[in-house]
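For reference, the chains in residue letters:
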Amino acid sequence: MVDYLQKHISKIVIAPSFVAILVFVYGFIGWTIYISFTKSKLLPKYDLVGTIQYEKLFTTPRWDVALNNLFIFTALFVVIAIVIGLLLAIMLDQKIRAEGVLRTVFLYPMAISFIVTGTAWKWILNPENGIEAVVRSWGFDSFRFDWLINSEMAIYTVVIAAVWQASGFVMALFLAGLRSVDQEIIKAAMVDGISTPRIYSGIIIPSLAPIFLSAVIVLAHLSIKAFDLVIALTGGGPGYSTDLPATYMYTMAFSRGNVGQAASSAVVMLTIVVAVIVPYLYSEMRARHD
Amino acid sequence: MSLKKLLIGASIASSLFASTAIAEPKVEVLHWWTSGGEAAAVKVLMDEFAANGGTWTDMPVAGGGGEAAMTALRARVLGGNAPTAVQLKGPSIQEWHEEGALSDLSEVAKAEGWDKILPDAIAKIHKCDGVYCSVPVNVHRVDWMWGNASLLAKADIKMPTTWAEFNDAADKLKSMGITPLGHGGQPWQDATLFDSVLLGVGGVEFYKKAMVELDLDALGSDTMVKVFDQMRKLRGYVDDNFSGRDWNLATAMVMNGEAAFQIMGDWAKGEFTNAGKTPGNDYLCAPTPGGGYLYNVDSFAMFKVDGDENQAGQKLLAKLIVGEKFQTAFNLSKGSIPARMGTDLSDFDYCSRRSSYDMAVSSANGSLLPSFAHGMAVRGVFSGAVTDVVTNHFNSDISSAEATKALVAAVKNAE
């Protein structure tokens, strides 16, 4: 008995959470996929009707807007956050004074929830009492910065707020990477008289490749999950111009009583996530086997 | 005293207790009236229910204009444990009826003579296949226009009776440097404007065809293009910073003289009243241009429940809700008017009395219509699809013709 327990203890301990994940994550993913092929409205129905929900989804202008916004938001958010994060990390890496304090300052936004970030930026970007009002009060009467209430530009305000929140975290990732680069190589390069910018672009940054990959994965999944930031910052508006797939799904499921549409949009989101994550997992596993 | 005696005594006591519990009416009420005035209004009902010997289990679910409450309701119904009474609105009563979840109130309805005291149009939405399954609590009028009395006097403008008059008045106000229309750019508020414009520009028959019957020809007609044209005009009358503003802040703009008009349901009146303003002196109320009356009714739907005490509680609750005492007390707190016709209105203000009078007139001539913006006309899927088009048009620069086309496509797609 004791022997048996000793042999299998790890499996026994893990089993409950394994079952829970199997049911509550994968089970409900399966359920959602099933529901997306039904005509469920207020309550779930279980008669399969084919791909009607998907046909409707892709002829709804609001979904087009949501999907477009997701691509705009993800691309800009990931690229800008990485660029700013890398620059901050390189500058902090110059053996400056008070590095600890600065690092904390840049990292702190990550400790705030997206709701707080969104609310704060809503006030900062509000034309009547934010940046526009301040600059105008300095005497620049024709200054305009009304992206928040401009349906063409509002999605970019979401990017600004998200970048502000996440770039400190990216900086921390890169800083750890920079510190782990082999100092011997850098010293050798310096002895050879190679300039600092050249050392960074030729040696250090290429050696950070795995960090880039982690940063992209973390930021991309943040952007697909983004929901609270949009709700707090713009509420999806003006109109529905800052809708994201997540907010679209929420609206359909909880305020429109259209469970079928919500399920099909959730499945499309899942597909997007899978398209990002699976190549990453694949490359990770292959690397381990080698 | 022996142990045996004690046990017998205890069992007698418990059986007595159990028998009184069966006779006692019980309800569990799911609602989302949690803010100040609304909570006070619910308290009125709770006290009256208790005074009639009932036990009230309160189940308030705050947030999201009832979205959170609806989610809770779905979970409860799917779990086979529905609350006794649930705050619901218009067509969603029918949606729940189709799920077979609502109970039959015809006994109370007959005893209380509801068919005589409720306006036909409003009675209809509370019936499931001709049988009462829910009760109205109040009637909000949606097509109200609120004006700042002193601003309008300064500009020498009367409350407009046609949209052309409104446009002239708004142009004049704009040239004086006054924001003509206080408005908050949230989808439901844009839809509230659309409600009034559609009724005013299109007329009663057109409104019925387009928003109640969802007739595709009406939705795609030239009249609809004109409706969107007027919406575009209204867009020009709001201030630059309207996006995302809450409705009560827009009301405050009218109150403080920052804007001349607001088009909003009579819950806006509550804001004026709370700020100590009186109708006629500080602010003016008038129906939006064009005839008709758009209602937004809050209802309680009675769900199928087991147990005599629950069913007794359900009937008592339904009777009390439609009763004169509750209808008066509740609506004085809430700012709406009683759904019950012929209620004594001497404690109500001018705007409410006017609303009540107009409701009776409209009910008689068939122009008592459900508000689309507040989910009274059609189901959530359709009203949501229409709202998307309306708010997209209002917040972008697409043409009226394009918006009309998009409207038809959206309604078709929501089927």
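Residues numbered from 1 in each chain as written. Chains lettered and ligands numbered in written order. Predicted model: local features only at pLDDT ≥ 70, side-chain atom pairs only at ≥ 80, totals over all residues.

1. Let's talk about the overall build of chain B
The helix and strand tally for chain B stands at 19 helices and 12 strands. Its C-alpha radius of gyration of 24 Å places chain B within 12% of the 22 Å reference for a compact globule of 415 residues. For chain B, the spread of C-alpha atoms along the principal axes amounts to about 95 × 45 × 40 Å. Taking all 415 residues of chain B together, 49% fall into the buried category. For chain B, the proportion of contacts with a sequence separation of at least 24, taken over those separated by at least 6, is 79%. (Helix = DSSP H or I, 4+ residues; strand = E, 2+ residues; numbered from the N terminus. Rg over C-alpha atoms; globule rule 2.2 N^0.38 Å. Buried ≥ 20, exposed ≤ 12 C-beta atoms within 10 Å, placed from the backbone. Contact = placed C-beta atoms within 7 Å.)

2. A short note on the overall build of chain A
Within chain A, the regular secondary structure consists of 13 helices and zero strands. In summary, chain A has a C-alpha radius of gyration of 24 Å against a globular reference of 19 Å for 290 residues, an excess of more than 25%. Per-residue burial for chain A yields a buried fraction of 34% across its 290 residues. For chain A, the share of sequence-separated contacts (at least 6 apart) that also reach a separation of at least 24 residues comes to 69%.

3. A few points about unusual backbone geometry
Located in the positive-phi region is A:Ala98, a residue other than glycine, with phi close to 55 degrees. A:Ala98 sits in the exposed class, given 9 other C-beta atoms within 10 Å. With phi around 55 degrees, B:Asp156 is a residue other than glycine that occupies positive phi space. Assignment of secondary structure puts B:Asp156 in the loop between helix H8 (149–154) and helix H9 (163–175).

4. Brief notes about the sheet that holds strand E9 (residues 259–263) of chain B
All names here are of chain B. Taken together, four strands build an open sheet; the order of strands is E8-E9-E7-E10 and the sheet is mixed. The two strands at the open ends of the sheet, each matched to only one other strand, are strand E8 (179–181) and strand E10 (283–287). Between one strand axis and the next, the sheet turns through 15 degrees on average, direction left out of account. With two bridges joining them, E8 and E9 adopt parallel strand pairing. Across the sheet, the residue bridging to Thr-179 is Ala-259, located in E9. (Pairing = 2+ DSSP bridges. Axes fitted to C-alpha atoms, helices over the stretch in contact; angles between N-to-C directions.)

5. Concerning the interface of chain A and chain B
Across the contact, 25 residues belong to chain A and 24 residues belong to chain B. Every element with two or more residues in the side of chain A that touches chain B is listed here: helix H3 (61–92) and helix H12 (245–255) of chain A. Of the residues belonging to the side of chain A that touches chain B, the class tally is nine nonpolar, 11 polar and five charged. (Nonpolar A, V, L, I, M, F, W, Y, C, P; charged D, E, K, R; others polar.)

6. A closer look at the nonpolar core
Core analysis: the biggest nonpolar cluster contains 115 residues, and B:Leu198, B:Tyr295, B:Ala301, B:Met302, B:Ile321, B:Val386 and B:Val411 have the highest contact counts within it. It is helix H10 (residues 187–212) of chain B that provides the largest number of residues to this core, a total of 10 residues. With 58 residues, the next largest nonpolar core counts A:Leu67, A:Ile211, A:Leu219 and A:Tyr240 among its residues. (Core = buried A, V, L, I, M, F, W, Y, C linked by C-beta atoms within 7 Å.)

7. Details of the pairing of strand E7 (residues 144–148) of chain B
Residues and elements named next belong to chain B. Taken across its five residues, E7 has four buried, putting it largely inside the fold. Across five bridges, the pairing between E7 and E10 is antiparallel. Its bridge partner lying in E10, Met-145 is registered against Ala-286. Here E7 runs beside E9; their pairing, made up of three bridges, is antiparallel. Its bridge partner lying in E9, Met-145 is registered against Ile-263.

8. A closer look at helix H3 (residues 67–78) of chain B
All names here are of chain B. Over its 12 residues, H3 runs 17 Å from end to end, which matches the ideal 16 Å to within 8%, given 1.5 Å per residue. Within the span of H3, buried status applies to Ala-69, Met-70 and Leu-73. Across the axial projection of H3, the buried residues extend over an arc of 95 degrees, all falling on one side. Seen from the open side of H3, the exposed residues pointing more than 90 degrees away from its buried face are Ala-75 and Leu-78. Elements that come into contact with the buried residues of H3 comprise strand E1 (26–31) and strand E3 (85–89). At the C-terminal side of H3, Gly-80 shows a positive phi close to 70 degrees. (Expected span 1.5 Å × (residues − 1). Arc of directions from axis to C-beta.)

9. Comments concerning the domain arrangement of chain B
One frequent convention defines the size of an interface as the accessible area lost when the parts assemble. The domain boundaries assigned to chain B delineate domain 1 (24–141 + 296–354), domain 2 (144–184 + 245–291) and domain 3 (186–237 + 379–415). On a C-alpha basis, the centroid separation for the pair domain 1 of chain B and domain 3 of chain B is 31 Å. (Domains from an automatic or database assignment.)

10. With respect to the packing of helix H7 (residues 154–179) of chain A against helix H10 (residues 209–225) of chain A
The packing of two helices is summarised by the inter-axis angle and the distance between the axes. All names here are of chain A. Relative to each other, H7 and H10 sit at 160 degrees, their axes nearing to 10 Å. It follows from the interaxial angle that H7 and H10 lie roughly antiparallel. By crossing handedness, the relation of H7 to H10 is classed as right-handed. Residues Ala-166, Val-170, Leu-173, Phe-174 and Gly-177 of H7 pack against Ile-211, Ser-214, Ala-215, Leu-219 and Leu-222 of H10. Of the residues that constitute the contact of H7 with H10, the class distribution is eight nonpolar, two polar and no charged. (Parallel < 35°, antiparallel > 145°, perpendicular 65-115°, else oblique. Left-handed = near helix turned anticlockwise from the far one by under 90°.)

11. Comments concerning the environment of B:Thr192
Residue and element names in this part refer to chain B. Mapped onto the secondary structure, Thr-192 falls in helix H10. In this structure the C-alpha to C-alpha distance between Thr-192 and Ile-263, which are 71 residues apart in sequence, comes to 7.6 Å. When neighbours within four sequence positions are excluded, Thr-192 is seen to be in contact with Val-142, Ile-263, Met-264, Gly-265 and Ala-373.

12. Topic: helix H16 (residues 324–334) of chain B
Within H16(B) the residues assigned to the buried category are B:Phe326, B:Gln327, B:Phe330, B:Asn331, B:Leu332 and B:Lys334. Directly after H16(B), the chain includes B:Gly335, whose backbone phi takes a positive value near 95 degrees.

13. Examining the packing of H3(A) against H10(A)
Residue and element names in this part refer to chain A. Interhelical geometry of H3 versus H10 gives an angle of 140 degrees and a closest axis separation of 9 Å. With respect to H10, the element H3 is oriented oblique. In the crossing of H3 with H10, the sense of the turn from one axis to the other is right-handed. Note on element contacts: H10 touches H3 through Ala-215, Val-216, Leu-219, Ala-220 and Ser-223, opposite Phe-73, Thr-74, Phe-77, Val-78, Ala-81 and Ile-82. The class makeup of the residues in the contact of H3 with H10 is nine nonpolar, two polar and no charged.

14. Some details on the environment of B:Leu407
You can see B:Leu407 is positioned in helix H19 (residues 400–414). In the structure, B:Leu407 is positioned 172 residues away from B:Arg235 in sequence and 18 Å away in space, judged by C-alpha atoms.

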